[in-house]
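Spelled out from the first residue to the last, the chains are:
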Amino acid sequence: MDRDQVLQLHIPEPKHRPGELADFSHLRLPLAGEIRRPPIAASAYEIRDLAYELIRVLDDEDRAVGPWAQPLEPAFLLRGLRAMMLTRAYDERMFRAQRQGKTSFYMKCTGEEAVAVAQACAFECGDMFFPTYRQQGLLIARDWPILDMMCQVYSNSADRLKGRQMPVFYSSREAGFFSISGNLGTQFSQAVGWAMASAYRHDRHIASAWIGDGATAEPDFHYALTLAAVYHAPVVLNVVNNQWAISCYQGMAGGDESTFASRGIGYGVPALRVDGNDFLAVYAATRWAAERARSNLGPTLIEHFTYRAAAHSTSDDPGRYRPQDESAKWPLGDPIERLKRHLVAIGAWSDAQHAALVAELDETVRETGRRAEALGTLNAGPLPDPASMFEDVYKEMQPHLKRQRREAGLEPGGTPRPAEGA
Amino acid sequence: MAEQSLLEAIREGLHEEMARDPAVYMLGEDVALGGPFGVTAGLAEAFGTQRVVNTPISEGAVMGLAIGAAAVGLRPVIEIMFIDFITLAMDQLVNHAAKLHYMSGGQLKIPLTVRVQCGISGNMGAQHSQSLEAWLAHVPGLKVVTPSCPADAKGLIKAAIRDDNPVVFIEHRGLYWARGEAAGAGAAVTPIGEAAVLREGEHITIATFGRQVAAALEAAAELAPQGISAEVIDLRSLQPLDMDTLVESVRKTGRLLVVHEAVSEGGIGAEIAMRVQQAAFYDLDGPILRLAAPFSPIPASSALDRFFVPGKAEILRAVRGAFRRQGAGG
C-alpha cells in the first residue's frame, strides 16, 4: 500500500458521450434459448445465475426457441402486437400534442412497449398493477380506452382525475391501474401491501409493480424487497432497466457494479433478467413469476433489460447526454419489429397486413384525438370546474373547505376571485 | 363509574373495532407483543398474527404497505412507535395516503389509522419526545386527533378506524397511565372535528389538548376562587379544528390562551390565534396568548427538559399576567 495515496471516489461515467459513436460490444448477451427455465419452487440461491444472465426467446432467425418458448396462439400474439403498435401510435400523437401546446408534458415509452404489453397479457383480470411512468401499455393492453387516457393528458372536462394530476399520471380503478406517483419508487411498497391484503382476504389476485433503474436507489425498492421476502407476498416486482434515468446512465444507480436483478438475491427474492425487447421472453418470465406468486411461493424480481429510445420526456434533449446513434445501435432491436418478424416467420402475418394495421391504428388515434380535443385541451375548450378542486380532499367535504370555497367565490354559481394575498 | 387508563381505553377501542370489522388489519414493529408500552397487548392472541402483523423496523415500508392494503379495501391500523420516527414514513403519508383520494379523482380511498405516540416524559431526549402535530395538520387530506382522557381515547380511535380518510391518532406517552372514567363496552365513537368544553367560564378561554388539558383544568380550579372564571376547551381534533366552538367561547370570554407542548413557531397555537382574531377581533379584550415549548431540540436531562413542558404554574402565571396587564378580571 502506498501510504502517500490519497482517497479518491469513482464517479461512474457512461461508455460514450455525445459526439462519439455508440458501442454496445461490451454487453454480454446470451443466445436465445440458452438460459434454463427452473421450476417455480426454486429458491433465490438455487437460481442466482439467472440474475446475471439474459432470458431470450426470439432468435436471430425470428424463431421462438429454448425452454422459455411456450406454445402461444398466433391470435394471442397478434393482440400483443396490436397493443404495442397502438401504444406507439398513441405516444407519437400525444408527444406532438405537447409540442402544439395542447398539454404541458408528455413521456413516451418508445422501445419499451414489450415490457408493459407482454406483462399485461401475462397477468389475469383482477391482478393489480402499480406502475411507474412508462407503463401506459398496461392500460392499452387491458383495452382501456385511449380516449380516457387522452382526456387525462389534456386535463380536460372529461378527465376522470379532474385536472388534478400531471399528464400521464393515469389512475384507473376499473383497469386495476394504481395512481402514478411522481415521488419515485413508492408504488413498490404499496404493491407489497396490496398483495399482503389480498392474501389476508384469501383472495386469488396478485399484484405487480414497476420501477426504473434509477429509482432502485429509492428506499421503497429495498423496503419492498425486504417485506415481500419476509411475508412471501404474492407480488411480481419489475425493474425496467432502460439504461437512462433522465441524463444519468444506469451505472449511476449501481448498474455497473451488479445487475439490477441481482439485488433480489441478497433479499432471498428469486430474480430473473430478461431481454425486455423480446415480447415472448417478457411474457414467459412474467408467467413464471405470476405462477410462483399465485402458488404462495412468494415474490419474484424481474429486470427487463431494454432501451429508452425516446427522450425521458418532452422536457429533455437526449442529444446533450448520449450519442446520436445510440438508439439505432441498441443490440436487442425493437420490440414491435421483432414480434412482427416472428409472426411473419410463422406465417401468421405479412408486411402488407402490418402496413394496413399501422394505417388503421394511426387513423384510430387521430380520430380519438379529435374527440378528446373536443372535450378540451390544457388551455382551450371545456375545462374542469374550479369548484371541484375542493372536492375529494376528504371523503366528505370539511367545514373549513366549504368556507374556503365560499371565500374563493367558487361555490357552484359563484364568481371566482383570486385567493387571499394573491 | 369504572375507571381505566388511557392506554387500556385505546386497547379496548382497537379490540372492539377488530371484533366488529374483519377489514381492520394491524401492522407495526412489535405490535404482536403489544408494542413498547403494551397498547396492543393481547390483540395478536385474540385475532391471530395473520391480522396483527409484526413488521421489520421500517416505518416507510409499513406506511407503504398500509396504503396498498387500504387500496384493496382493508382498514389498516399501523403503529409508528414514536412520532419522531414518522419522518421516515413522511413521503408515503403526505404524498400518498393524504392525496390519493384527491389525485385519483375520488376512485381510491385510504381509510388508514396511523397511531403515534408523542410527548416529553421519561428523559427520552431529542428523538423520542417531540410533538409534531402541526406538521401533520398542515397536510390537506389528513385528519389529526389526540385524546386527553380514556373515554375520548376509545371514542376517537374507533372514529379514526371507521373514517374513510387517513387519520393520525396521537397518543401522549405521559398520559398512558393516567386514569379516568371508562367509556364502557361498546361505547359510542367521539366525532372527529368536535372540541369539548370541559369547564365553562366567563373571563378567559384556555384552549389546549393532550396532557395540557389536565393542567388547564387544575389552573382553572385554582383561578376560580380568585375571581377569574376560565373556560377550558379540549380541542381533541387538530385537523379539522372545531373553530365554531372556539370562536363562540372567545366571543363570550373576550380572551384566549392557547397551550401546547410543541414548539411555538408554526404551531397549532399560531393557526388558532390567526383564525380567532379574524373571526372575533372586536370581541377580544386583550392579545391572544400562547404557551409552548422553546424553539430548541428537546434535551434528555430532567434539569433541562422541565423548561419545555408548560403546566399548571405556567398557565396560572400567563392568565394572571394577562389580567394584571389589562387591569381587568380578578
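Conventions we followed
Along each chain, numbering runs from 1 in the same order as the chain's sequence is written. In the order they appear in the text, chains get letters beginning with A and ligands get numbers beginning with 1. Whole-chain, interface and lining totals are the exception, using all residues; otherwise, since this is a predicted model, local features are given only for residues with pLDDT of at least 70 and side-chain atom pairs are given and counted only at 80 or more. Only hydrogens and water are set aside when side-chain values are computed; all heavy atoms of the structure are taken into account. Here a helix means four or more residues in a row that DSSP labels H or I, a strand means two or more in a row labelled E, and each is numbered from the N terminus. To estimate how far a helix should extend, the number of its residues minus one is multiplied by 1.5 Å. Note on contacts: a residue pair is in contact if any heavy atoms of the two residues lie within 4.5 Å. Criterion for a salt bridge: a side-chain nitrogen of Lys or Arg within 4 Å of a carboxyl oxygen of Asp or Glu. N or O atoms within 3.5 Å of each other form a polar contact, as long as, within protein, one can give a hydrogen and the other can take it, and as long as residues adjacent in sequence are counted only when both atoms are side-chain atoms. Where each domain starts and ends comes from a domain assignment, either automatic or drawn from a database. Throughout, the accessible surface (probe 1.4 Å) given up by two parts as they are put together, summed over both, is called the buried area. When residues are sorted by character, Ala, Val, Leu, Ile, Met, Phe, Trp, Tyr, Cys and Pro go into the nonpolar class, Asp, Glu, Lys and Arg into the charged class, and all the rest, Gly among them, into the polar class. To count toward a patch, a residue needs a relative accessible area over 30% and no salt bridge; like charges are then connected within 9 Å, while nonpolar side chains (Val, Leu, Ile, Met, Phe, Trp, Tyr) are connected within 5 Å. The method behind every accessible area is Shrake-Rupley, applied with a 1.4 Å probe, and residues are considered shielded solely by the protein chains displayed. Burial classification: accessible surface area is computed with a 1.4 Å probe over protein chains only, and a residue below 20% of its type maximum counts as buried, one above 50% as exposed, and the rest as partly exposed. Between the N-to-C directions of two axes lies an angle of 0 to 180 degrees, each axis being a line fitted to C-alpha atoms and, for a helix, fitted only over the stretch in contact. For classification, angles of less than 35 degrees are called roughly parallel, those exceeding 145 degrees roughly antiparallel, those between 65 and 115 degrees roughly perpendicular, and all remaining angles oblique. Each crossing is labelled by how the near helix is turned from the far one, with a counterclockwise turn of less than a right angle marking it left-handed and a clockwise turn marking it right-handed. Should DSSP find at least two bridges between two strands, the strands are regarded as paired.

Draft legend 1. Quick look at helix α1 (residues 74-99) of chain A. Compared with the 38 Å implied by 1.5 Å per residue over 26 residues, the 38 Å span of α1(A) between its first and last C-alpha is a close match. At the exit of α1(A) stands Gly101(A), carrying a positive phi of roughly 80°.

Draft legend 2. Spatial organisation of the interface of chain B and chain A. Residue-level contacts link 49 residues of chain B with 38 residues of chain A. Here chain B and chain A share 2 salt bridges between them. Lys395(A) is the salt-bridge partner of Asp164(B), the closest N and O atoms lying 3.9 Å from each other. At the boundary of chain B and chain A, one finds 22 residue pairs in polar contact (both at pLDDT 80 or more). Only β2 (24-28), β3 (52-54), α3 (59-71), α4 (90-97), α5 (100-103) and α10 (268-280) of chain B provide two or more residues apiece to the side of chain B that touches chain A. Examining the composition of the side of chain B that touches chain A, we find that 8 residues originate from one element, α3(B), more than from any other.

Draft legend 3. Inspection of the domain arrangement of chain B at higher detail. Residue and element names in this part refer to chain B. One can read the domain layout of chain B as domain 1 (3-181) and domain 2 (196-326). Taken together, the contacts link 23 residues of domain 1 with 25 residues of domain 2. Taken together, both faces of the contact between domain 1 and domain 2 bury some 1,900 Å²; the carbon and sulfur share is 59%. At the boundary of domain 1 with domain 2, the tally comes to 1 salt bridge. One salt bridge connects Asp152 with Arg236, and the closest N-O pair in it is separated by 3.0 Å. In this assembly, domain 1 and domain 2 are joined by 12 residue pairs in polar contact (both at pLDDT 80 or more). Listing elements by their share of the side of domain 1 that touches domain 2, those giving two or more residues are α6 (133-137), β6 (143-145) and α7 (150-162). Grouping the amino acids of the side of domain 1 that touches domain 2 by side-chain chemistry returns 10 nonpolar, 10 polar and 3 charged.

Draft legend 4. Structural view of a nonpolar patch on the surface. Residues and elements named next belong to chain A. A contiguous nonpolar patch, built from Leu9, Ile11 and Met252 and spanning about 350 Å² of accessible area, is present on the exposed surface. Note that Leu9 resides in the segment before α1. Classification of Leu9 by relative accessible area gives exposed; the value is 75%.

Draft legend 5. Local environment of the packing of helix α4 (residues 146-154) of chain A against helix α11 (residues 351-374) of chain A. All names here are of chain A. Following both chains from N to C, one finds α4 and α11 inclined at 50°, their axes separated by 9 Å at the closest point. Put simply, α4 runs oblique to α11. By crossing handedness, the relation of α4 to α11 is classed as right-handed. Where α4 abuts α11, its residues Ile146, Leu147, Met150, Cys151 and Tyr154 lie against Val365, Thr368, Gly369, Arg371, Ala372 and Glu373. Split into classes, the residues belonging to the contact of α4 with α11 amount to 7 nonpolar, 2 polar and 2 charged.

Draft legend 6. A look at the pattern of salt bridges. On inspection of all chains with the given rule, the structure shows 53 salt bridges over all chains. The salt bridge partner of Arg294(A) is Glu124(A), with a shortest N-O separation of 3.8 Å. Remark: Glu124(A) occurs in the loop between α2 (113-122) and β1 (128-130) and Arg294(A) occurs in helix α8 (residues 279-294); sequence separation between them is 170 residues. Between Arg251(B) and Asp283(B) there is a salt bridge, with its nearest N and O atoms 3.4 Å apart. Highlighted residues: Arg251(B) in helix α9 (residues 243-253) and Asp283(B) in the loop between α10 and β14 (289-293), separated in sequence by 32 residues. Judged by its relative accessible area of 31%, Asp283(B) falls in the partly exposed class.

Draft legend 7. Focus on unusual backbone geometry. All names here are of chain B. The step from Gln239 to Pro240 runs through a cis peptide bond, and the omega angle for that step is 0°. Positionally, Pro240 belongs in the loop between β12 (237-239) and α9. Backbone geometry places Asp30, a non-glycine residue, at a positive phi of 65°. Although it is not a glycine, Asn123 adopts a positive phi angle of roughly 55°.

Draft legend 8. Spatial organisation of the side chain of Asn241(A). Along the chain, the position of Asn241(A) falls in strand β3 (residues 235-241). At a separation of 3.1 Å, a polar atom in the side chain of Asn241(A) contacts the main-chain amide nitrogen of Gln243(A).

Draft legend 9. Molecular detail of the sheet that holds strand β13 (residues 256-263) of chain B. All names here are of chain B. The strand order across the open sheet built from 5 strands is β9-β11-β10-β13-β14, with neighbouring strands paired in mixed fashion. Two strands in the sheet have a free side with no partner beyond their single neighbour: β9 (196-199) and β14. Taking each pair of neighbouring strands and ignoring which way they run, the sheet shows an average axis angle of 25°. Across 3 bridges, strand β10 (residues 204-208) lies against β13 in parallel orientation. Within the sheet, the bridge partner assigned to Ile206 lies in β13 and is Leu257. Strands in contact with α9 are β9, β10, β11 (230-234) and β13; relative to β11, the strand with the most contacts, it is inclined by about 175°.

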